[in-house]
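Residue strings, one per chain:
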Amino acid sequence: MMHLLFMFTMIFSQPTDTLHLAADLRKDKAILAEEHGYYVGQPSKYHFEIFEKYAKLNLTNCKYSRKKVGKHVINSWKNVSAHLTIFQVQSVIEVDTIFEFESLNVNSVHKAPNEKYHIKATFYYRSYIIDDGKKPQLVYMSELKSGLLQYSVGNKVTFPIYEDIPIGQQYPNLKEILKVIGMYRE
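Please read these numbers as outputs of a predicted model, since none were measured by experiment.

Asks: Sorry, what's going on with the pairing of strand S2 (residues 72-79) here?
Replies: Look at any regular strand and the pattern is simple: side chains alternate between the two faces of the sheet. Across the 8 residues of S2, 7 count as buried, placing the element largely inside the fold. With 7 bridges connecting them, strand S1 (residues 63-69) and S2 associate as antiparallel partners. Looking at S2, one finds that Ser-65 is bridged to Ser-76. Linkage of S1 to S2, two consecutive antiparallel strands, is achieved through a turn of 2 residues, within which Gly-70 is found at a positive phi near 60 degrees. In this sheet, strand S3 (residues 84-101) lies alongside S2 in antiparallel orientation, the contact comprising 8 bridges. The residue of S3 that forms the bridge with Ile-74 is Val-89. Counted along the chain from S2 to the antiparallel partner S3, the turn is 4 residues long, and its residue His-83 has a positive phi close to 55 degrees.

Asks: Looking at this structure, how should I read the nonpolar core?
Replies: Generally speaking, nonpolar side chains in soluble globular proteins are found buried as a group. Grouped together as the largest cluster of nonpolar side chains are 21 residues, with contacts concentrated most on Leu-21, Phe-51, Ile-86, Ile-130, Tyr-140 and Leu-148. Counting residues per element, the ones that place at least two in this core are helix H2 (21-36), helix H3 (49-55), S3, strand S4 (115-131), strand S5 (138-143) and strand S6 (147-153). Beyond its immediate sequence surroundings of up to four residues, Leu-21 is in contact with Phe-51, Tyr-54, Ala-55, Gln-88, Tyr-128, Ile-130 and Tyr-140. Among the nonpolar cores identified, the runner-up in size contains 17 residues, and Val-69, Tyr-125, Met-141 and Leu-149 belong to it.

What counts and what doesn't
Residues numbered from 1 in each chain as written. Predicted model: local features only at pLDDT ≥ 70, side-chain atom pairs only at ≥ 80, totals over all residues. Heavy atoms only, no water. Buried < 20%, exposed > 50% of the residue type's maximum accessible area, 1.4 Å probe, protein only. Helix = DSSP H or I, 4+ residues; strand = E, 2+ residues; numbered from the N terminus. Pairing = 2+ DSSP bridges. Core = buried A, V, L, I, M, F, W, Y, C linked by side-chain atoms within 4.5 Å. Contact = heavy atoms within 4.5 Å.

Okay, structure coming up:
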């Protein structure tokens, strides 16, 4: 996992004109398969095919641009004649906080002190916003280690259910991301 983290850090720190949607879909399918016990070819409630067609597109006819805004790196591919714009927003969120668990003692009156944990971590996200001008906007959000965070088709949002959620994990603010890419639409 450390090697994967190093490679992901390198991808985030260097300029790239590569759409990583296909790789994130493969990774997220594998995580969900392990978590929920189904194999990748088996139908699931997660409709990855909606996004897979965009992951397979040839983007050579698209105008590529890259901008950095705060903790977000915005890569975009725009094909005017096809009325298609794909945004890949890479976000790095660093966490350095104290997390406190409240102890509950059911069988006694004695209250134990709350356990405190210092959490220091970095979370790497990629958010994909796909706008083809006709259909509802598509949004797909993924994190390096935990996988699919959510996806939406228009106003319908789908969240996966995981057994474990890292303590202290912070998520990118989708409204903030949509606002930032809205400022850079051409």
